[in-house]
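Given next are the chains, with one letter for each unit.
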Amino acid sequence: MIKKKLIKNAKKVDKFIINYLKKQKQSLLVKPMRYGVISGGKKIRSTIIFDVGKLFKISEKKLINICAAVECIHSYSLIHDDLPCMDNDTMRRGKPSTHVKFGEASAVLAGSSLLTLAFEIITDERYLINHKMKNEITRALASCSGHTGIAGGQELDLKFENKKKKINQIIDMQKKKTGKLFNFCLYAVGVVANKSDKEKKSLSIIGEEIGLLFQLADDFLDKKGSKKLVGKPVKKDKKKGKSTLLSILGEEKAYYFANTLKKKILRNLEKHGKKTKELINTIEFILERQF
Ligand code: GRG
């Protein structure tokens, strides 16, 4: 069921990005960019955006630019994450990593071009939301992606390798590296729905916690998952000396932590009533996922 939903949403977002790129002037980087962002990946962040849209009756048409921008940033982060100077991974989504296929320089440039494409997509004049909302969304996307967000989290992740870190330091790192983009997904829908600052803040927090849960599941998959299903080598975290909640808490306590976190997220969504059905399904999938 959830698999069908993910595939359907991924197709919609892929189609949007393909068409968007087609309308632009062509360049040598389009091929590695497409390789990095299209036809691969669960596009779960887009599904979450559509699910949250259902809480406020926001149509997919009003959210598709946000989905596409998020997937561009996410894929950019993965392309750069796989580079030899970062995690040095040669396989992603069951295929050679972008730098293996196209070379390191092209991967750096394609990744950076996906970052800027995200901002073109959000600020596009054909994206019909008002300018104040666009400005707010653009600023939030920038701050979630940069040194206070994904990039800052990645720096901590690399600096924490083979170091003994406290739980709170790891949570802070994971919330930036993975949580901030999920934070943005919920916040941006709140902006389009014209919600109050208080409501948008609450959506941000829920988003960041969903991101932390997602990262925990990623850690479990690295330890116990199958390379074939996950689409990338597993058991790398231990080899690389990564500081994760799983490595510091151990399996049993990490599962307990993840379940408690999931319950907290669901409790905070209760006020939205039955409209949360799709979002809850996606959150349940996040913890149980095998890919
Ligand atoms: C500033 C955006 C930006 C990036 C540069 C390299 C880097 C800094 C950040 C890397 C962040 C990173 C790799 C976080 C891990 C998040 C994570 C769990 C990724 C896996 O996401 P899935 O499972 O991947 O959604 P698919 O393949 O399904 O798209």
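Above: the structure in question.
Right, let's walk through the structure included here. (Residues numbered from 1 in each chain as written. Predicted model: local features only at pLDDT ≥ 70, side-chain atom pairs only at ≥ 80, totals over all residues. Heavy atoms only, no water.)

Around the ligand sit 21 residues, and of these Lys 42, Arg 45, His 74, Arg 93 and Ser 145 come closest. The side chain of Lys 42 places a nitrogen or oxygen atom 2.6 Å from an oxygen atom of the ligand. Side-chain polar atom of Arg 45 to an oxygen atom of the ligand: 2.7 Å apart, as the coordinates give it. Relative to its unbound accessible area of 760 Å², the ligand is 93% covered by the protein chains. Per element, the largest residue contribution to the shell around the ligand is seven residues, and it comes from helix 4 (residues 64-81). (Near = heavy atom within 4 Å. Polar contact = N/O pair within 3.5 Å; in protein donor to acceptor, adjacent residues only side chain to side chain. Areas by Shrake-Rupley, 256 points an atom, 1.4 Å probe, with all protein chains shown as cover. Helix = DSSP H or I, 4+ residues; strand = E, 2+ residues; numbered from the N terminus.)

Take the environment of Val 108 next. For Val 108, the position within the fold is in helix 6 (residues 104-123). Accessibility expressed as a relative area gives 34% for Val 108, which makes it partly exposed. In this structure, the C-alpha to C-alpha distance between Val 108 and Leu 269, residues 161 residues apart in sequence, is 39 Å. Every residue in contact with Val 108, bar those within four places of it in the chain, is listed here: His 80 and Leu 83. (Buried < 20%, exposed > 50% of the residue type's maximum accessible area, 1.4 Å probe, protein only. Contact = heavy atoms within 4.5 Å.)

Take empty space enclosed by the protein next. Overall, the coordinates contain one cavity of 30 Å³ or more when judged by the stated rule. Approximately 90 Å³ is the volume attributed to the largest cavity. Forming the walls of the largest cavity are Tyr 35, Gly 36, Ser 75, Leu 78, Ile 79, Asp 82, Arg 92, Arg 93, Lys 95, Pro 96, Ser 97 and Thr 98. Those elements giving two or more residues to the lining of the largest cavity turn out to be helix 2 (30-37), helix 4 and strand 2 (95-96). At three residues, helix 4 tops the list of elements feeding residues into the lining of the largest cavity. Across the lining of the largest cavity, the residue classes tally to four nonpolar, four polar and four charged. (1 Å grid on protein atoms, 1.4 Å probe; cavity = no way out; pocket = protein on both sides within 12 Å on 5 of 7 lines; lining within 4 Å. Points joined across faces, edges and corners; volume = space filled by probe spheres on them. Nonpolar A, V, L, I, M, F, W, Y, C, P; charged D, E, K, R; others polar.)

A word on the packing of helix 8 (residues 150-159) against helix 9 (residues 167-192). Between helix 8 and helix 9, the shortest axis-to-axis distance is 7 Å and the interhelical angle comes to 145°. Relative to helix 9, the crossing made by helix 8 is left-handed. Contacts between helix 8 and helix 9 involve Ile 150, Gly 153, Gln 154, Leu 156 and Asp 157 on the former and, on the latter, Asp 172, Met 173, Lys 176, Lys 177 and Leu 181. Split into classes, the residues belonging to the contact of helix 8 with helix 9 amount to four nonpolar, two polar and four charged. (Axes fitted to C-alpha atoms, helices over the stretch in contact; angles between N-to-C directions. Left-handed = near helix turned anticlockwise from the far one by under 90°.)

With that settled, consider the packing of aromatic side chains. Per the stated rule, a full pass over the model turns up five aromatic pairs. Seen from their ring centres, Phe 16 and Tyr 20 are 6.0 Å apart, and the 20° between their planes marks the pair as stacked. One end of the pair is Phe 16 and the other is Tyr 20, both in helix 1 (residues 2-22) and four residues apart, which spans about a single turn. We note that Phe 16, like Tyr 20, is buried. With 4.1 Å between their ring centres and 5° between their planes, Phe 220 and Tyr 255 make a pair best called stacked. (Phe/Tyr/Trp six-rings, centres within 6.5 Å; stacked < 30°, edge-to-face > 60°.)

Bringing the pattern of salt bridges into the picture now. Enumeration over the complete set of coordinates arrives at 25 salt bridges. Here Lys 12 ties to Glu 60 by a salt bridge, and the two come within 2.7 Å at their closest N and O atoms. Taken together, the residues Lys 12 in helix 1 and Glu 60 in the loop between helix 3 (44-55) and helix 4 connect sequence positions 48 residues apart. Notably, a salt bridge pairs Asp 124 with Arg 126, separated by 2.7 Å at the nearest N-O pair. One salt-bridge network, in which partners are shared between bridges, spans Asp 87, Asp 157, Glu 161, Lys 177 and Lys 242. (Salt bridge = Lys/Arg side-chain N within 4 Å of Asp/Glu carboxyl O.)

A separate point is the state of the cysteines. Considering all chains together, one arrives at zero disulfides under this definition. Unpaired in this structure, Cys 144 has its nearest cysteine sulfur neighbour in Cys 185, at a distance of 8.9 Å. (Disulfide = S-S within 2.5 Å.)

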